[in-house]
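Read off the chains here:
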Amino acid sequence: MDKGTVAGEVEGGLDEPAGLEPEQGTLELADPADRWTVADWEHAAAAVLRKSRRLKEDDPDTAVWDRLTRTTLDGIEVTPLGTPALLDGLATAGRPTRSGPWDVRAHLRAVGAPAKEGNEAALADLDGGVASLWVEAAADTDLTALLEGVLLDLAPVVLDAPTAPVAVAEAFLAHLGDTEPAPGTNLGVDGLADEEAVLAVARLALEKGVLGVVVDATAAHDLGASDAQELGYSLWVAARVLRVLTGAGIGIEEAAGLLEFRYAATDEQFPTIAKLRAARRLWARVLELSGAAPAEQRQHAVTSRPMMSKYDPWVNMLRTTVAAFAAGTGGAEAVTVLPFDSPLGRPDAFGRRIARNTSHLLIEESHVAKVADPAGGSYAVERLTDDLARAGWEVLGRLDDGEPFADMVAETVDRRERQIATRKRPITGLSEFPNLAEELPQRQPDPAADAVRRYGAAFEELRDAPVAQHVFLATLGPVASHTARATFATNLLAAGGIAVDVAGPTTDVDELVAAYDANGRSPVVCLAGADPTYAEWGEQAVAGLREAGARYVVIAGVSASSTTEVHEVVDDFCAMGVDALAFLTRTREQLT
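Residues numbered from 1 in each chain as written. Predicted model: local features only at pLDDT ≥ 70, side-chain atom pairs only at ≥ 80, totals over all residues. Heavy atoms only, no water.

Draft legend 1. Main features of the overall build of the protein. A tally of helices and strands in the protein yields 20 helices and 17 strands. Whereas a compact globule of 592 residues would reach a radius of gyration of roughly 25 Å, the protein reaches 28 Å, a difference of no more than 12%. Each principal axis of the C-alpha distribution contributes one length, and for the protein these read about 85 × 60 × 50 Å. Looking at the protein residue by residue over its 592 residues, the buried ones come to 56%. In the protein, of all internal contacts separated by at least 6 residues, the share reaching a separation of at least 24 is 77%. Total accessible area on the protein stands at roughly 25400 Å², and carbon and sulfur atoms take up 52% of it. Here the protein carries 52 positive and 91 negative side-chain charges, and the mean point of each set is 1 Å from the other. (Helix = DSSP H or I, 4+ residues; strand = E, 2+ residues; numbered from the N terminus. Rg over C-alpha atoms; globule rule 2.2 N^0.38 Å. Buried < 20%, exposed > 50% of the residue type's maximum accessible area, 1.4 Å probe, protein only. Contact = heavy atoms within 4.5 Å. Areas by Shrake-Rupley, 256 points an atom, 1.4 Å probe, with all protein chains shown as cover. Lys, Arg positive; Asp, Glu negative; His and termini not counted. Charge placed at Lys NZ, Arg CZ, Asp CG, Glu CD.)

Rendered as structure tokens:
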């Protein structure tokens, strides 16, 4: 395969995206007698947005498209309603071909752990319904002890040995002996390993009739890459493998047949489905341009490491369930659900059981695998699949032209971090609805737990060092009038490891100051009340609290751009859209 084959075809290889215009036709619902137009939907949606004050009374109903359309980190617009017009101008086609249940694959980290302990975990997973093992090993891993009792003719093993791919592959084959390996067995050399290692493992795989190479796009995802960047990266790595192998005399079809692709599945359901569908289309295009016969892309989907949180780890069960659903729906042949307690250290037996049972529940109870490509034909999913394919192809072209991947990812990380800081991309249990009183499950230390920077790492760092001093929450007026803003402020402060002492219902400055005295006179006070209350006695409240010892006064629900009178006498503001990390950092500085 010539080095320029793919690069020479990338530019202009796919058409430009079509616009996203809603079609003013009819929407056919379950009952054919019902006919609703897009205008009817706009009117109903606009009524909800006006009630929540996301639309003004004089805004037209059509404004719902702007309010509800979201833009991904790749700049792709995702509309709130799929319409037939979204199918206009699609440049790609293709559907997942997996039929029936996916391969439930367990992750087994054997590096730095006793082989006997790993063997017990592997056998428990296999007895619990796991179909294959993803084994992370090193040169000194005792594979014989680790895989004792594993029926290698029934359970495929996928190796992952970045530091010693050839040695581990040889050790595995020695342990395998004359056993006929199960279909899907993969010696697992990373596609970005040095050329000699890739070639050596590929030849071992060809001799044994197994897979040999893993194109691990989760490496890009773990760095913070977007969906399109993950796609482009995977194709770039795969093209490199094809060049190395064909350059050594291995046929293009043989080389392509050695590859398995590993992608991350996140709790963003539809982008994950679309990403896996787009990956197949892009791989088909690469093979076409390389002169290879059409071949299906074998996909292994792994629930995202960065999306998980160390705090309130139980929420990780929900995240990984959605991710596994999306992976299965997107057509992945194998799915690994990482245990919910992975961010805390080495997962225990309970975490591993929940991980494997997540797939079993989706397959056996929800029957997700009964339908092939259930997302196929959806206007919105087909549009998103096509848009992601185009964007991924463009990333491949930039990489082939020599643009540093790290620079691309850095821009994406910055955008994501801004969204997380302002809580436009909320993380439940961490940046939203944190529980300062929670007791985290205890797990054995594992360096891999913090090897990847999680999306909520900045909030986790604040929680790791909670502030001893509380903020006094100066609630103005009766409970009914201050609850909304008091709850907002309490949750926001808790996200930064800051607890509050609440004044309770108050009717005037004297009652408020009395509650302040009773709660220890914190140097930081946060006002929480309704706008009429702020206007009525907000200034007096601030003056009374300062006189009683408050050094720093924050007001909830009012932004820095406000022109209210109380706005002039406070030191800081916390409202929707505020940079939460910056606000929390300032507040913590005032408490220490």
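Draft legend 2. Examining the environment of Leu-242 more closely. Within the secondary structure, Leu-242 is located in helix H9 (residues 227–247). Look at Leu-242 and you get buried, because its relative accessible area is 0%. As for Leu-242 and Ala-255, which are separated by 13 residues in sequence, their C-alpha atoms are 6.1 Å apart.

Draft legend 3. Structural detail: the confidence of the model for the protein. Mean pLDDT over the protein stands at 93; residues scoring 70 or higher make up 93%. Predicted confidence is poor over residues 15–24, with pLDDT under 50, and the contacts of this stretch with residues over four places away or in other chains come to 26 contacts. (pLDDT = per-residue confidence, 0-100.)

Draft legend 4. Molecular detail of the pairing of strand S9 (residues 211–216). For S9, the tally of buried residues reaches 6 of 6 residues, placing the bulk of the element in the interior. Relative to S9, strand S8 (residues 186–190) runs parallel, the two sharing 3 bridges. In the strand pairing of S9, Asp-190 is matched with Val-214. Since S8 and S9 lie parallel, the crossover through helix H7 (residues 195–208) that links them has a hand, and here it is right-handed. Relative to strand S10 (residues 259–265), S9 runs parallel, the two being bridged by 4 bridges. The partner of Val-214 across the bridge, within S10, is Glu-260. (Pairing = 2+ DSSP bridges. Right-handed = clockwise from strand over helix to strand, strands pointing away.)

Draft legend 5. Examining the nonpolar core more closely. If you look at the biggest cluster of nonpolar residues, it comprises 158 residues, and the most contacted ones within it are Phe-172, Leu-187, Leu-245, Trp-283 and Leu-527. Counting residues per element, this core draws most heavily on H9, which supplies 10 residues. Ignoring any residue separated from it by four or fewer positions in sequence, one finds Trp-283 in contact with Leu-235, Ala-238, Leu-242, Ala-256, Leu-259, Phe-261, Ala-295, Glu-296 and Gln-297. In terms of nonpolar packing, the next biggest core, distinct from the first, is built from 9 residues, Ala-46, Leu-49, Val-64 and Leu-81 among them. (Core = buried A, V, L, I, M, F, W, Y, C linked by side-chain atoms within 4.5 Å.)

Draft legend 6. Fine view of unusual backbone geometry. Of note, the phi angle at Asp-373 is positive, near 50°, even though the residue is not glycine. The class for Asp-373 is buried, based on a relative accessible area of 6%. In this model, Arg-423 sits at a positive phi of 60°, which is unusual for a non-glycine residue. Structurally, the position occupied by Arg-423 is in the loop between helix H15 (405–421) and helix H16 (457–464).

Draft legend 7. Here's a closer look at the side chain of Arg-109. Along the chain, the position of Arg-109 falls in strand S5 (residues 103–109). Polar contacts involving the side chain of Arg-109 include one to the side chain of Glu-136, which spans 2.9 Å. Among the polar contacts listed, one links the side chain of Arg-109 to the side chain of Asp-446, at a separation of 3.2 Å. Setting aside chain neighbours within four positions, we find Arg-109 in contact with Glu-136, Arg-346, Asp-446 and Ala-448. (Polar contact = N/O pair within 3.5 Å; in protein donor to acceptor, adjacent residues only side chain to side chain.)

Draft legend 8. Representation of the sheet that holds strand S13 (residues 471–475) within the structure. Taken in spatial order, the 5 strands line up as S14-S13-S15-S16-S17 in an open sheet, and their pairing is parallel. Looking at which strands have only one partner, the edges of the open sheet turn out to be strand S14 (500–502) and strand S17 (572–574). In this sheet, neighbouring strand axes are inclined to one another by 30° on average, regardless of whether the strands run parallel or antiparallel. Here 4 bridges tie strand S15 (residues 524–528) to strand S16 (residues 552–556), and the two strands are oriented parallel to one another. Paired with Val-524 across the two strands is Tyr-552, which belongs to S16. The sheet strands contacting helix H18 (residues 509–518) are S13 and S15, and the helix crosses S13 at an angle near 160°. Each of S13, S15, S16 and S17 touches helix H20 (residues 580–591); the most contacted strand, S17, lies at about 130° to it. (Axes fitted to C-alpha atoms, helices over the stretch in contact; angles between N-to-C directions.)

Draft legend 9. Looking closely at the packing of helix H6 (residues 165–176) against H7. The N-to-C vectors of H6 and H7 enclose an angle of 15°; their axes lie 9 Å apart at closest approach. With respect to each other, H6 and H7 are oriented roughly parallel. For the pair H6 and H7, the sense of crossing is left-handed. Contact residues: Pro-165, Val-166, Ala-169, Glu-170, Leu-173 and Leu-176 in H6; Ala-197, Ala-200, Val-201, Leu-204 and Lys-208 in H7. Of the residues that constitute the contact of H6 with H7, the class distribution is 9 nonpolar, no polar and 2 charged. (Parallel < 35°, antiparallel > 145°, perpendicular 65-115°, else oblique. Left-handed = near helix turned anticlockwise from the far one by under 90°. Nonpolar A, V, L, I, M, F, W, Y, C, P; charged D, E, K, R; others polar.)

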